[in-house]
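Here are the chains, one letter per residue:
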Amino acid sequence: MVISNHWETLRGGSSDANQHDTVKKTVMDDDFWSKAKSVLKITKPIYKMLRFCDTDKAINGEVYEQMDTMLGNIKDILAADPVVYYLVHNIVVERWNKMNIPLHCLAYILVPKYYTHSWLSQPAPGGVRRMKPHCDVEVQKGYLDAIDKMIIDPSDATKIRHQISDFVSDKGVFAQPQAIKDRATMHAVSWWHMYGEGAPELYSLALKLLSQGVNTSCAERCWSTYSDIHSVKRNRLNCDRAEKLVFVHYNQRLLSRYRDDYESFKNWDVYNKDANIEEAITTIERDNVLLSDSEEDAFQIVTTPTTAASVSDFPSACSSTPSTVASSTASVQVQALRGKIEAQQ
């Protein structure tokens, strides 16, 4: 590019010709590309780790092992430059220590595949030997702290620790040949659904932990939907109704992915200024759909006054707050009554 005649033409029309000379010198410098290649090698494992976590899938139990894999890959890449390795390693570990919580350790030891011979026999990145999760000192401290914080009853905590001991040792209810064989092939949640009933306390805890994601992307998308519904135009919605509308709207988007015409249908709510949300809510209100049992600002006009009323009589006519949501027709009647009162004043 920089050795073409067109580049020289651009250089002549530039206000600062030295900039073109600097760019050309940099592009033609082999040392620059060598350093850029090294940076890409270092950042590739970090990027893969970030992409692994950037999902709505239930991967809470796999984050800790993926972090160890990332550090091992960085060590292999920088094996010839220990100074740079320790610098990068310290930066990554310092960041990991800020994000890591005991919950990750507890979820890590409950993933069945990490106790299989096929996984333990594979060479790990970084030249270290793989071990069962509960044998790691840091993991052991983390999952014990998590149990103490999550389980208030000491007797239940003791039961869970005993059941974990049976789980990691393939004893008790976890000693079935089918359970041991399926550890290597079944997803963690599916495995616990199949073989965890014999240890009810640990079974319940495992499902709660292993069914969680590790990022806030789904929550951020939910807040984006919430901002469309509870906007400046519709700022009188209480929390209960707004949450239910967000629930319906967000799940409608998920269901739309299974439509045959999804490719032409998937952008139905991309434009925030479209009136589709307003029209849908108006339709719901017009049909008297029960959205909330605790609507604080909802009221219904029992009788429509035909005579003139004073301002002091208006609150008493609207003081009742029944459990059902007022229809749009009732709201129109209220506005008409308010207009009559203001006109008489």
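Preceding this paragraph is the structure being described.
Rules behind the numbers
- Residues numbered from 1 in each chain as written.
- Predicted model: local features only at pLDDT ≥ 70, side-chain atom pairs only at ≥ 80, totals over all residues.
- Heavy atoms only, no water.
- Salt bridge = Lys/Arg side-chain N within 4 Å of Asp/Glu carboxyl O.
- Helix = DSSP H or I, 4+ residues; strand = E, 2+ residues; numbered from the N terminus.
- Core = buried A, V, L, I, M, F, W, Y, C linked by side-chain atoms within 4.5 Å.
- Buried < 20%, exposed > 50% of the residue type's maximum accessible area, 1.4 Å probe, protein only.
- Contact = heavy atoms within 4.5 Å.
- Axes fitted to C-alpha atoms, helices over the stretch in contact; angles between N-to-C directions.
- Left-handed = near helix turned anticlockwise from the far one by under 90°.
- Nonpolar A, V, L, I, M, F, W, Y, C, P; charged D, E, K, R; others polar.
- Parallel < 35°, antiparallel > 145°, perpendicular 65-115°, else oblique.

**Quick word on the pattern of salt bridges**
Now for step 1: Taken as a whole and assessed by the stated rule, the structure comprises seven salt bridges.
Now for step 2: A salt bridge links Lys113 to Glu62; the nearest nitrogen and oxygen atoms lie 3.9 Å apart. With Lys113 in the loop between helix H6 (102-109) and helix H7 (117-120) and Glu62 in the loop between helix H3 (30-53) and helix H4 (63-77), the pair connects residues that are 51 residues apart, well separated along the chain.
Now for step 3: The partner of Arg161 in a salt bridge is Asp148, with the nearest N and O atoms 3.8 Å apart. Note that Arg161 is positioned in helix H9 (residues 154-169) and Asp148 in helix H8 (residues 137-150), a separation of 13 residues in sequence.

**A few points about the nonpolar core**
Now for step 1: Within the largest apolar cluster, 49 residues are counted, with the highest numbers of intra-cluster contacts made by Leu106, Leu110, Trp192, Leu202 and Leu210.
Now for step 2: When contributions to this core are tallied by element, the ones reaching two or more residues are H3, H4, helix H5 (82-99), H6, H8, H9, helix H11 (188-195) and helix H12 (200-210).
Now for step 3: Per-element accounting of this core gives the leading share, seven residues, to H12.
Now for step 4: Membership of the second largest hydrophobic core comes to six residues, among which are Ile229, Leu237, Ala242 and Leu245.

**A look at the side chain of Glu62**
Now for step 1: Look at Glu62 and you get buried, because its relative accessible area is 19%.
Now for step 2: In contact with Glu62, not counting residues within four places along its chain, are Phe52, Lys113 and Tyr114.

**Considering unusual backbone geometry**
Now for step 1: Phi is positive for Asp170, which is not a glycine, with a value near 55°.
Now for step 2: Within the secondary structure, Asp170 sits in the loop between H9 and helix H10 (177-182).

**Examining the packing of H8 against H9**
Now for step 1: Relative to each other, H8 and H9 sit at 150°, their axes nearing to 10 Å. Between H8 and H9 lies a crossing of right-handed hand. Note on element contacts: H9 touches H8 through Ala157, Ile160, Arg161 and Ile164, opposite Leu144, Ile147 and Asp148.
Now for step 2: Its residues placed into classes, the contact of H8 with H9 shows five nonpolar, no polar and two charged.

**Here's the deal with the packing of H4 against H5**
Now for step 1: Direction vectors running N to C along H4 and H5 enclose 165°, while the axes themselves pass 10 Å from each other. Relative to H5, the element H4 lies roughly antiparallel. Remark: the crossing between H4 and H5 carries right-handed chirality. For the pair H4 and H5, the contacting residues are Val63, Tyr64, Met67, Met70, Leu71, Ile74 and Lys75 in the first and Tyr85, Val88, His89, Val92, Val93 and Trp96 in the second.

Scope: geometric values only; no functional claims are made or implied.
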